[in-house]
Amino acid sequence: MANTREPILHPVPILALRPTQMTVGMREVKEKRKRWRERKSDKKRAELLGQHMIPVVFGPDERYYVVDHHHLARALHDEGVKDVLVTIIGDLTMVDRDAFWGVMDNKRWVYPYDAKGERRHFKDLPKTVADLKDDPFRSLAGELRRAGGFAKDTTPFSEFLWADFLRRKISRKTADDHFSVAMERALEFAKGNDAVYLPGWCGPHADG
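On a predicted model such as this, the values are computed, not experimentally measured, just so you know.

The rules behind the values
Residues numbered from 1 in each chain as written. Predicted model: local features only at pLDDT ≥ 70, side-chain atom pairs only at ≥ 80, totals over all residues. Heavy atoms only, no water. Helix = DSSP H or I, 4+ residues; strand = E, 2+ residues; numbered from the N terminus. Rg over C-alpha atoms; globule rule 2.2 N^0.38 Å. Contact = heavy atoms within 4.5 Å. Areas by Shrake-Rupley, 256 points an atom, 1.4 Å probe, with all protein chains shown as cover. Buried < 20%, exposed > 50% of the residue type's maximum accessible area, 1.4 Å probe, protein only. Phe/Tyr/Trp six-rings, centres within 6.5 Å; stacked < 30°, edge-to-face > 60°. Pairing = 2+ DSSP bridges. Salt bridge = Lys/Arg side-chain N within 4 Å of Asp/Glu carboxyl O.

### Topic: the overall build of the chain
For the chain, the helix and strand inventory stands at eight helices and seven strands. In summary, the chain has a C-alpha radius of gyration of 18 Å against a globular reference of 17 Å for 208 residues, a match within 12%. If you line up the chain on its principal axes, its C-alpha atoms span 50 × 45 × 35 Å. Taking all contacts inside the chain whose residues are at least 6 apart in sequence as the whole, residues at least 24 apart take part in 75%. Here the chain has roughly 11300 Å² of accessible surface; of this, 49% comes from carbon and sulfur atoms.

In structure tokens form, the structure reads like this:
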């Protein structure tokens, strides 16, 4: 099985990309849209697309399944971009269609959890990036990482793990309507010992 990163040099329609998660943080999507609009020239926009190729798994139905950069793909779609460059990180075209999602799950290339943090059936995954739902706790987790609340980590879907942790600590209403208050609380919770199991935790260590 080829797992090398192979760039596809011809563009792929954004709406042909199949998500492997159910939600994004729309605050992050808006921030990426803003950065895209700040790049006024076609050259600068082409550079961004070239530097941020979308990592995908090539599936048994010859579809491209996005395994990262969902926020960027959604932002580009919302900005009217039609096509993106992709990088194939896994070829599963030989896998039986009925076994495909089990293999994806085993490789931690799919995260079928909804905006309440509840696991759903694979058939409930969105069919396009336009159908991704907002999870304010995913936005909170992303902002928390940027503020130094935890370190960037290679653990798959690490920011979703933090989102679910924060979901149990902070109300949805606070996350939706009082984001700065939610951020203050998130920074406090991130330093606590009950967050020690989370990827990238960088709270204070007790002296041995």
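### Quick word on the side chain of Glu-28
You can see Glu-28 is positioned in helix 1 (residues 26-38). Exposure remark for Glu-28: the relative accessible area of 8% places this residue in the buried category. Not counting residues up to four positions away in its chain, the partners in contact with Glu-28 are His-71, Arg-138, Ser-139, Gly-142, Arg-146 and Glu-159.

### Regarding the packing of aromatic side chains
Under the defined criterion, the tally for this structure stands at eleven aromatic pairs. A ring pair is formed by Phe-100 and Trp-101, whose centres lie 5.0 Å apart and whose planes are at 65°; its orientation type is edge-to-face. Relative to Phe-160, the ring of Tyr-111 lies with its centre 4.9 Å away and its plane at 25°, an arrangement referred to as stacked. With a gap of 49 residues between them, Tyr-111 in the loop between helix 4 (100-106) and strand 7 (133-134) and Phe-160 in helix 6 (residues 158-167) connect regions that are remote in the sequence. With respect to class, Tyr-111 is no different from Phe-160; both count as buried.

### Concerning helix 6
Within helix 6, nine of the ten residues are buried, which leaves it mostly tucked inside the rest of the structure. Among the residues of helix 6, those classed as buried are Ser-158, Glu-159, Phe-160, Trp-162, Ala-163, Asp-164, Phe-165, Leu-166 and Arg-167. Each element contacted by the buried residues of helix 6 is listed here: strand 3 (23-24), helix 1, helix 5 (136-146) and helix 8 (179-190).

### Some points on the pairing of strand 4 (residues 54-58)
Of all five residues that make up strand 4, five are buried, and the element is covered over most of its length. Across the two faces of strand 4 the burial is the same, with Ile-54, Val-56 and Phe-58 and Pro-55 and Val-57 all buried. Pairing between strand 4 and strand 6 (residues 83-91): five bridges, direction parallel. The residue of strand 6 that forms the bridge with Phe-58 is Asp-91. Inspection of the sheet shows strand 4 paired to strand 5 (residues 64-66) by three bridges, in the antiparallel sense. Bridge pairing in strand 5 links Val-56 to Val-66.

### Examining the pattern of salt bridges
Enumeration according to the criterion identifies 20 salt bridges in this entry. Of the charged contacts in the structure, one is a salt bridge between Asp-105 and Arg-119, with a shortest N-O distance of 2.7 Å. With Asp-105 in helix 4 and Arg-119 in the loop between helix 4 and strand 7, this pair connects stretches of sequence that are 14 residues apart. With a relative accessible area of 42%, Arg-119 lands in the partly exposed category. What emerges from the salt-bridge pattern is a single network uniting Glu-28, Arg-138, Glu-143, Arg-145, Arg-146 and Glu-159.

### Overview of the side chain of His-71
Along the chain, His-71 falls in helix 3 (residues 70-78). Using a relative accessible area of 6% as the deciding quantity, one classes His-71 as buried. Excluding residues that lie within four positions of it along the chain, His-71 makes contacts with Gln-21, Val-24, Gly-25, Glu-28, Val-29, Lys-32 and Arg-138.

This is a description of form; function is not addressed.
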